[in-house]
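# Report on the structure
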Amino acid sequence: MTRDGLAEMLGEQTTACGPARHALNAGGTLVVWDGLVPADRLARTYRRRLRITQRRGQQTLALATTVDILSRAADEPLRTGRIDAADRSWTFMLFLDATATAVLACTGVARSELPAEPATDAT
């Protein structure tokens, strides 16, 4: 899969696809993993992540919609991928068909600020 090919596949599946495409085209990093995972297992995982991000107040894009899409895909084997924005402000998770020729869903999560370095005593 090429970056351009993936950019073309990121359509209107979810509201996170446009920002993910922008992050990819702006030099974000891309990885697509080889293994296949049943969609229902991914749905359970991302349902938990939805609850966690809501509890933390962490900004997301299309996470609930993605969980719904994954739930409807039942036990269909999916390939996963990730785009990290060049400025590291967002991470986008991609859910592709088994042959990586179509994007089923995409979600984005704002990256948390890294904690400040602890103060040190300069005595």
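In this report, the structure presented in the accompanying data block is examined. (Residues numbered from 1 in each chain as written. Predicted model: local features only at pLDDT ≥ 70, side-chain atom pairs only at ≥ 80, totals over all residues. Heavy atoms only, no water.)

## Quick look at the packing of helix α3 (residues 39-56) against helix α4 (residues 63-72)
Look at α3 against α4: their axes get within 8 Å of each other, and the N-to-C directions meet at 160°. Considering their axes alone, α3 and α4 lie roughly antiparallel with respect to each other. Considering how the two elements wind past one another, α3 and α4 form a crossing that is left-handed. Residues Ala-39, Asp-40, Leu-42, Ala-43, Tyr-46, Arg-47, Arg-49, Leu-50 and Thr-53 of α3 form the contact with α4, whose own contacting residues are Leu-63, Ala-64, Val-67, Leu-70 and Ser-71. Within the contact of α3 with α4, the residues separate by chemical class into nine nonpolar, two polar and three charged. (Axes fitted to C-alpha atoms, helices over the stretch in contact; angles between N-to-C directions. Helix = DSSP H or I, 4+ residues; strand = E, 2+ residues; numbered from the N terminus. Parallel < 35°, antiparallel > 145°, perpendicular 65-115°, else oblique. Left-handed = near helix turned anticlockwise from the far one by under 90°. Contact = heavy atoms within 4.5 Å. Nonpolar A, V, L, I, M, F, W, Y, C, P; charged D, E, K, R; others polar.)

## Quick look at α3
An ideal rise of 1.5 Å per residue puts 26 Å on 18 residues; α3 measures up with 25 Å between its terminal C-alpha atoms. Inspection of α3 places Ala-39, Leu-42, Ala-43, Tyr-46, Leu-50 and Thr-53 among the buried residues, and these make up the whole buried set. Burial along α3 is one-sided: seen end-on, the buried residues are contained in an arc of 100°. Exposed and facing more than 90 degrees away from the buried side of α3 are Arg-55 and Arg-56. Summarising the contacts, the buried residues of α3 are in contact with β2 (37-38), β3 (60-61), α4, β4 (77-84) and β5 (90-96). Once α3 ends, the next one or two residues include Gly-57, with phi positive near 75°. (Expected span 1.5 Å × (residues − 1). Buried < 20%, exposed > 50% of the residue type's maximum accessible area, 1.4 Å probe, protein only. Arc of directions from axis to C-beta.)

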